[in-house]
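Structure at a glance
Now for the letters of each chain:
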Amino acid sequence: MNTTAAPDADQALSIEELAARTGVTVRNIRAYTTAGLLPPPRLRGRLGLYGDEHAQRLGLIRALRDQGFGIEAIRRIFARAPASSWPDLVAVARSVSGSLFAEEQPVVVSAKALAAKWQGQMTPALLARATKAGLMRELPDGQVQMLSPALGQVAEQLAALGLPLEAAIGMQETMARTLRTVARHWLRTLADSLLSGNPIDPERTAQLLEKARPLATGAVQAAFPVILQQELDALLRKAA
């Protein structure tokens, strides 16, 4: 008689079945296991079997990775958050990915209409630069998604003042690069604060992130005019 216990019903997925169920590739499942984010599978002979805990962890890993969390941060979350809170954490991560910080609705325009806005100055090369900076997104059908219509209007107004579009895009590239550094610092500071608690409180996490949006954008709006004036004064002193 075979005395080997049969695996529980929730512990009977092969790695291929787990990949199909969660949308995570077999390669990444193995990588997350090696990194310590997933417990090893239960073995039945040479076959590794996975269950609900693995699927739940992978759902949270995907949501957090989509939001930009690194492997070490996710490891800290698993170390501090009880399994019962994972569904709440997934919901929080998905709400963040659902444009928590974005205040504008993107606008889709044709490439022809976009070029007409700047009297034909929008070349494929300039569009590629704006796309790389994260200000626009080229869609599969050839249209262009402007992620910030208000920023596009600023570029139009600069062009109307006689500034070449290439110069306007260069200014926006610099701004995007600088603000991206600021945003990363803000988010990492928030993440460190959220991970400092034990256990993690999903409700507190959602409230902190929700309140962080107006505070972050308000800080940039308040600081930039002051810094701009300081730089203008410095420029005038050099020219004197």
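Scroll up a little and you will see the structure.
First, a word on scope: everything that follows refers to the structure included in this document. (Residues numbered from 1 in each chain as written. Predicted model: local features only at pLDDT ≥ 70, side-chain atom pairs only at ≥ 80, totals over all residues. Heavy atoms only, no water.)

Focus: the overall build of the protein chain
Note the following rule: Put simply, DSSP H or I for four residues or longer makes a helix, DSSP E for two residues or longer makes a strand, and each gets a number counted from the N terminus. Should any heavy atoms of two residues lie within 4.5 Å, those residues are considered in contact. Shrake-Rupley sampling with a 1.4 Å probe provides the accessible areas, and residues are treated as covered by the protein chains on show and by no other component.
Secondary structure assignment for the protein chain yields ten helices and five strands. Put simply, of all contacts in the protein chain between residues at least 6 apart along the chain, 64% involve residues at least 24 apart. Here the protein chain displays about 15,200 Å² of accessible surface, and carbon together with sulfur accounts for 57% of that area.

Here's the deal with helix H7 (residues 124–132)
What counts here: For every residue, the accessible area obtained with a 1.4 Å probe (protein chains only) is divided by the maximum for its type, and the residue is called buried under 20%, exposed over 50%, and partly exposed between those limits. As used here, the arc belongs to the directions running from the helix axis to the C-beta atoms.
Here H7 has its buried residues at Leu126, Leu127 and Ala130. Along the axis of H7, the buried residues cluster in a sector spanning 100°; they form a single face. For H7, the exposed residues set more than 90 degrees away from the buried face come down to Pro124, Ala125 and Lys132. Of the residues flanking the end of H7, it is Gly134, one or two places downstream, whose phi is positive at about 90°.

Considerations on the sheet that holds strand E4 (residues 136–138)
Two pairing modes exist for strands in a sheet, parallel and antiparallel, and in both the strands are linked by backbone hydrogen bonds. The line we're drawing: DSSP bridges decide pairing: two strands pair if at least two such bridges lie between them. Note on method: axes are straight lines fitted to C-alpha atoms, helices fitted across the in-contact stretch only, with angles between N-to-C directions ranging 0 to 180 degrees.
Read from one edge of the open sheet, three strands run E3-E5-E4, paired in antiparallel fashion. The open sheet has two edge strands with one neighbour each: strand E3 (107–109) and E4. When the angles between neighbouring strand axes are averaged without regard to direction, this sheet yields 25°. Judged from the three bridges that link them, E3 and strand E5 (residues 144–146) form a sheet pairing that is antiparallel. Paired with Val107 across the two strands is Met146, which belongs to E5.

Quick look at the packing of helix H1 (residues 15–22) against helix H3 (residues 52–66)
Defined as follows: Every angle not falling under 35 degrees, over 145, or within 65 to 115 is termed oblique; those three ranges are roughly parallel, roughly antiparallel and roughly perpendicular. Take the far helix as your reference; a near helix turned counterclockwise from it by less than a right angle gives a left-handed crossing, and one turned clockwise gives a right-handed crossing. Put simply, Ala, Val, Leu, Ile, Met, Phe, Trp, Tyr, Cys and Pro go in the nonpolar bin, Asp, Glu, Lys and Arg in the charged bin, and everything else, Gly too, in the polar bin.
Relative to each other, H1 and H3 sit at 45°, their axes nearing to 10 Å. What the angle tells us is that H1 and H3 run oblique. The two elements H1 and H3 meet at a crossing, and its hand is right-handed. On H3, the residues touching Leu18, Arg21 and Thr22 of H1 are Asp52, His54, Ala55, Leu58 and Arg62. Of the residues contributing to the contact of H1 with H3, the split by class is three nonpolar, two polar and three charged.

Considering the side chain of Gln172
Inspection of the secondary structure assignment puts Gln172 in helix H9 (residues 165–195). Among all residues touching Gln172, those that are not within four sequence positions of it are Leu135, Leu151 and Ala155.

With respect to the pattern of salt bridges
Put simply, the rule reads: Salt bridge, as used here, is a side-chain nitrogen of Lys or Arg placed within 4 Å of a carboxyl oxygen of Asp or Glu.
A full pass over the atoms with the stated rule returns five salt bridges. Here Arg129 makes a salt bridge to Glu166, at a shortest N to O gap of 3.4 Å. Note that Arg129 is positioned in helix H7 and Glu166 in helix H9, a separation of 37 residues in sequence. What makes Glu166 partly exposed here is its relative accessible area of 48%. Ionic contacts of the salt-bridge type, sharing partners, join the residues Arg129, Glu166 and Glu173 into one network.

Considerations on the side chain of His54
Counted only if it meets this: For the purposes of these results, a polar contact is taken to be a pair of N or O atoms within 3.5 Å, where, inside protein, one atom must be able to donate a hydrogen and its partner to accept one; residues adjacent in sequence count only when each atom of the pair is a side-chain atom.
Positionally, His54 belongs in helix H3. When its relative accessible area of 3% is taken as the criterion, His54 is described as buried. A polar contact is formed between the side chain of His54 and the backbone oxygen of Pro39, at a distance of 3.1 Å. From its side chain, His54 meets the backbone nitrogen of Gly51 in a polar contact 3.1 Å long.

Points about the nonpolar core
Defined as follows: Each nonpolar core is a collection of buried residues, namely Ala, Val, Leu, Ile, Met, Phe, Trp, Tyr and Cys, held together in the definition by side-chain atoms within 4.5 Å.
Among the nonpolar cores identified, the biggest contains 22 residues, and Leu18, Ile29, Tyr32, Leu58, Leu60, Ile61 and Phe78 are the most heavily contacted of them. Where this core is concerned, the elements lending two or more residues are H1, helix H2 (26–34), H3, helix H4 (71–80) and helix H5 (86–97). If we skip the residues at most four places from it in the chain, Leu58 touches Leu18, Thr22, Val24, Ile29, Tyr32 and Leu38.

Re a nonpolar patch on the surface
This is how it is decided: What goes into a patch is any residue over 30% in relative accessible area without a salt bridge, connected to like charges within 9 Å or, for nonpolar side chains (Val, Leu, Ile, Met, Phe, Trp, Tyr), within 5 Å.
Judged by side-chain polarity, Met175, Leu179, Val182, Trp186, Leu215 and Val220 come together as a nonpolar surface patch covering roughly 470 Å² of accessible area. Only H9 and helix H10 (202–239) provide two or more residues apiece to the nonpolar patch. At four residues, the largest contribution of residues to the nonpolar patch is made by H9. On the secondary structure map, Trp186 appears in helix H9. A relative accessible area of 32% places Trp186 in the partly exposed class.

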